[in-house]
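The chain contents come next:
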Amino acid sequence: MIHESAIKLPFSYAAGGVGSRFLIALRDDQTILGARCASCSTITAPARSFCSNCNRAVNELVEVGPGGTLEAWTDQPGTGIFGLIHLDGADTALVHRLTGSDAWQPGTRVMAVFAEERTGRITDIEGFTSEGDST
Amino acid sequence: MSDQQPEYIRTTIELNVSWRYASGDPMERFLRGIEQRRIEAIRCPKCGRRYLPPRPFCGRCKVRMDEWEPVQDTGTLVAWTVIHLPIIDGRTGEPRPSPYGMGLIQLDGADTTLNHYLDTANPDHLTIGARVRAVWRDELHGAMDDIMHFEVLP
């Protein structure tokens with residue numbers, strides 16, 4: 001005998017100073033910000049407050065993307081297709097939803113698609129579509 | 001620089017964690033009985049201890065159990081509490097409306113206690129040793145919540 005159920009886990013995520021600037025830029029300017037380390041010049045996107053190479057605080061935010069290159073992807077049936085996207089100008093990759101194509105390959109050029117209604121969440125980027133489909 | 005306070009973002013998120021619980025043979029038999037409004041305890045062939053809810057092995061003798069005995073839907077309240085800050089109810093996935101009572105109930109014919117909800121309409125009646133009875137749903141579907149809660153007998 002198998003029982004199926006679900007537990008709802010409500011919680012609240014505080015984005016912090018740099019994370020808030022990242023989310024506000026998505027919402028208000030439809031731009032994607034990375035954080036540039038003053039010591040090693042690594043640009044981390046999405047922007048975060050510390051450089052993971054140097055463990056130093058990072059304050060300089062720079063615009064990256066909205067185009068990028070797909071590094072890897074996975075299909076989660078019933079949930080969607082998710083990709084690891086290396087945004088142009090960034091040195092790290094971010095995870096987001098892939099939409100509008102079914103021919104994903106490592107190296108596929110992708111482009112961010114912003115949501116019409118934006119509220120300061122990572123889902124203000126609706127997803128990434130293959131660059132050929134975005135025109 | 002602007003003299004305004006910077007805006008900080010706080011996002012509320014609700015995760016839905018789904019799960020599947022395989023009941024195992026003894027619990028399956030127990031729940032099939034519940035579906036018929038019949039409660040049974042599993043009995044250790046060695047020491048005779050009657051477990052409710054059932055389990056495959058006797059916790060004392062470490063031997064497999066497969067003998068069953070009928071148990072009444074009345075029993076004795078061994079411990080109780082009234083919960084005002086609810087935890088998530090695993091059966092529904094949502095916090096149970098509070099306050100609500102929980103008790104350890106030793107049903108007549110069992111040697112162990114069952115953890116279940118208590119009717120708190122008259123919280124003054126909740127005492128250790130109180131006699132209680134199961135309040136069943138009208139439509140049974142073979143799950144622990146076929147018993148909605150236990151009420152204190154007058």
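On a predicted model such as this, the values are computed, not experimentally measured, just so you know. (Residues numbered from 1 in each chain as written. Chains lettered and ligands numbered in written order. Predicted model: local features only at pLDDT ≥ 70, side-chain atom pairs only at ≥ 80, totals over all residues.)

**Some details on the overall build of chain B**
- Helices and strands together make up the secondary structure of chain B, namely 1 helix and 9 strands.
- From first element to last, N terminus to C terminus, chain B shows the α and β order β-α-β-β-β-β-β-β-β-β.
- Residues classed as buried in chain B amount to 22% of the 154 residues present.
- Partitioning the intrachain contacts of chain B with sequence separation of at least 6 by distance along the chain shows that 51% fall at a separation of at least 24. (Helix = DSSP H or I, 4+ residues; strand = E, 2+ residues; numbered from the N terminus. Buried ≥ 20, exposed ≤ 12 C-beta atoms within 10 Å, placed from the backbone. Contact = placed C-beta atoms within 7 Å.)

**Concerning the sheet that holds strand S5 (residues 67-76) of chain A**
- Here we have 5 strands rolled up into a closed barrel, ordered S5-S6-S7-S9-S8 (chain A), and mixed in their pairing. Between one strand axis and the next, the sheet turns through 50° on average, direction left out of account. (Pairing = 2+ DSSP bridges. Axes fitted to C-alpha atoms, helices over the stretch in contact; angles between N-to-C directions.)

**Notes on the interface of chain A and chain B**
- Each partner contributes residues to the interface: chain A has 22 residues there, and chain B has 25 residues.
- Of all elements in the fold, only strand S1 (2-14) and helix H1 (16-29) of chain A reach the threshold of two or more residues within the side of chain A that touches chain B.
- A total of 13 residues in the side of chain A that touches chain B trace back to one element, the largest contributor, which is S1(A).
- The residue makeup of the side of chain A that touches chain B, split by class, is 12 nonpolar, 7 polar and 3 charged.
- Pairing of S1(A) with strand S1 (residues 10-22) of chain B involves 13 bridges; the strand directions are antiparallel. Looking at the pairing, A:Ser12 lines up with B:Thr12 of S1(B). (Nonpolar A, V, L, I, M, F, W, Y, C, P; charged D, E, K, R; others polar.)

**Details of the nonpolar core**
- A:Ile32, A:Ala45 and A:Leu87 are the most contacted members of the largest nonpolar core, which has 26 residues in total.
- Residue assignment for this core shows that the elements contributing at least two residues are H1, strand S2 (32-36), strand S6 (80-87), strand S7 (93-99), strand S8 (109-114) and strand S9 (125-130) of chain A.
- Counting residues per element, this core draws most heavily on H1(A), which supplies 4 residues.
- Setting aside its immediate chain neighbours within four residues, A:Leu87 contacts A:Ile32, A:Ala45, A:Val64, A:Gly65, A:Gly68 and A:Leu94.
- By size, the runner-up hydrophobic cluster in this structure holds 24 residues, among which are B:Ala41, B:Ile42, B:Phe150 and B:Val152. (Core = buried A, V, L, I, M, F, W, Y, C linked by C-beta atoms within 7 Å.)

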